[in-house]
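Listed here are the chains, written in short residue letters.
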Amino acid sequence: MSLSASGLKVDVRSHAKGTGIPRRCRCGEGSIVRTSTTVTNPCRLFHCCPFGSKENNFHLFKWTDESMFDEVEDIEIVGDKI
Ligand SMILES: [Zn+2]
């Protein structure tokens, strides 16, 4: 009995390339969700690092709605391969 069927392969690419909802900042701190208070993006949710700021873009910053969109896109790509 063979288990080498290509359709059974699990694709974990989405997390390796850093798309989707970010769980962790590159500094090692876990991500938190905040609400934007800027004029351009009022009340928009974003994932960020607790140590980050507008002036320091070393730390994590990603809009939550864009993260959701990435996750959905990845699911569709994996689905096509199988
Ligand atoms: Zn950080």
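Everything numeric here is computed off the predicted structure, so don't read it as measured data. (Residues numbered from 1 in each chain as written. Predicted model: local features only at pLDDT ≥ 70, side-chain atom pairs only at ≥ 80, totals over all residues. Heavy atoms only, no water.)

J.: Give a description of unusual backbone geometry that names residues and reports values.
T.: Positioned with a positive phi, Cys-43 is a non-glycine residue whose angle comes to about 65°. Examined against the element boundaries, Cys-43 turns out to sit in the loop between strand E1 (32–35) and strand E2 (45–48). With a relative accessible area of 65%, Cys-43 lands in the exposed category. (Helix = DSSP H or I, 4+ residues; strand = E, 2+ residues; numbered from the N terminus. Buried < 20%, exposed > 50% of the residue type's maximum accessible area, 1.4 Å probe, protein only.)

J.: Explain the pattern of salt bridges to me, and be specific about the residues and the numbers.
T.: The final tally for this structure, using the stated rule, is three salt bridges. Between Arg-44 and Glu-66 there is a salt bridge whose closest N-O contact spans 3.6 Å. Of the two residues, Arg-44 is situated in the loop between E1 and E2 and Glu-66 in helix H2 (residues 64–81); the sequence distance between them amounts to 22 residues. Residues joined by salt bridges that share partners form a network here, namely Arg-44, Asp-65 and Glu-66. (Salt bridge = Lys/Arg side-chain N within 4 Å of Asp/Glu carboxyl O.)

J.: Summarise the coordination of the zinc ion; cite the residues concerned and give the values.
T.: Distances from the zinc ion to its protein donors, Cys-25 (SG), Cys-27 (SG), Cys-49 (SG) and His-59 (ND1), fall within 2.0 to 2.4 Å. In this structure, the zinc ion is coordinated by four donor atoms arranged in tetrahedral fashion, with angles at the metal of 104 to 113°. Judged by its relative accessible area of 36%, Cys-27 is partly exposed. (Donors = N, O, S within 2.8 Å, 3.2 Å for Na, K, Ca; no water. Tetrahedral: all angles 85-135°; square planar, octahedral: opposite > 155°, others 65-115°.)

J.: Describe the packing of aromatic side chains, listing the residues and the values that go with them.
T.: Going through the model one piece at a time under the given rule, you end up with three aromatic pairs. Aromatic side chains Phe-46 and Phe-61 sit 5.0 Å apart centroid to centroid with 35° between the ring planes, which places their arrangement in the tilted category. Here Phe-61 lies in strand E3 (residues 61–63) and Phe-46 lies in strand E2, a separation of 15 residues in the sequence. You can call Phe-46 buried: its relative accessible area is 12%. Residue classification places Phe-61 among the partly exposed residues on the basis of a relative accessible area of 47%. Arranged with centres 5.1 Å apart and planes meeting at 80°, the rings of Phe-61 and Trp-63 form a pair that is edge-to-face. Given the relative accessible area of 15%, Trp-63 is considered buried. Members of the aromatic cluster, connected to one another through ring pairs, are Phe-46, Phe-61 and Trp-63. Here the guanidinium or amino end of Arg-26 rests over the ring plane of Phe-58, the centre of that ring lying 5.1 Å away. Sitting over the ring of Trp-63, Arg-44 keeps its end group 4.2 Å from the ring centre. (Phe/Tyr/Trp six-rings, centres within 6.5 Å; stacked < 30°, edge-to-face > 60°. Lys NZ or Arg CZ within 6 Å of the ring centre and 35° of its normal.)

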